[in-house]
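Read off the chains here:
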Amino acid sequence: MIPGGQPNMQALLQQAQKMQQDLAAAQQELAEAEVEGSAGSGLVKATVTGAGELRSLVIDPKAVDPEDTETLADLVVAAVHNANEAAQKLQQTKLGPLTEGLSGMPGLPF
């Protein structure tokens, strides 16, 4: 701060740019990171990116019963949900500290 209690705008802008760069780097890491979720004791496995994009789905043949496709559908939904929860935790780990730092800056919607 400069005398009179006014913040140094140049320093604030530099800090905001650094935080923006860090946020972009963290978002890129999330887009590239993969996390896995599973259901039915591993009969169905879903892999999503840290950003929540479904990358792969593996279904063990033992989970396939032509007479009971509803259970298989439920397992798929549960595995994807489980993977997305893991992705959200990863997002909180990567982005949490960055967005907390941004929330104290005036004029930013965080």
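Please refer to the structure placed before this passage.
Scoring rules and cut-offs
Residues numbered from 1 in each chain as written. Predicted model: local features only at pLDDT ≥ 70, side-chain atom pairs only at ≥ 80, totals over all residues. Heavy atoms only, no water. Core = buried A, V, L, I, M, F, W, Y, C linked by side-chain atoms within 4.5 Å. Buried < 20%, exposed > 50% of the residue type's maximum accessible area, 1.4 Å probe, protein only. Helix = DSSP H or I, 4+ residues; strand = E, 2+ residues; numbered from the N terminus. Contact = heavy atoms within 4.5 Å. Salt bridge = Lys/Arg side-chain N within 4 Å of Asp/Glu carboxyl O.

S.K.: Explain the nonpolar core to me, please; I cannot follow it from the model alone.
M.R.: Counting 11 residues, the largest nonpolar core is built from Val35, Ala39, Val44, Ala46, Val48, Ala63, Leu72, Leu75, Ala79, Ala83 and Ala87. Per element, the largest residue contribution to this core is five residues, and it comes from helix α2 (residues 69-103). Residues within four places of valine 35 in sequence aside, it is in contact with Ala46, Thr47, Val48, Thr49, Ala83, Ala86, Ala87 and Leu90. Of all hydrophobic cores here, the second largest spans five residues; its members include Leu23, Ala26, Leu30 and Leu95.

S.K.: Which parts of the structure should I look at to understand the pattern of salt bridges?
M.R.: For side chains bearing opposite charge, pairing can occur when the charged atoms are close. Inspection of the entire model under this criterion finds four salt bridges. For the salt bridge of glutamate 29 with lysine 94, the shortest nitrogen-to-oxygen distance reads 2.6 Å. Linking glutamate 29 in helix α1 (residues 9-32) with lysine 94 in helix α2, this pair joins segments that are 65 residues apart in sequence. Its salt-bridge partner being glutamate 34, residue arginine 55 comes within 3.2 Å of it at the nearest N-O pair. Placement of arginine 55 in strand β3 (residues 54-59) and of glutamate 34 in strand β1 (residues 34-39) is noted, with a sequence separation of 21 residues between them. Here arginine 55 falls in the partly exposed class, since its relative accessible area comes to 41%.

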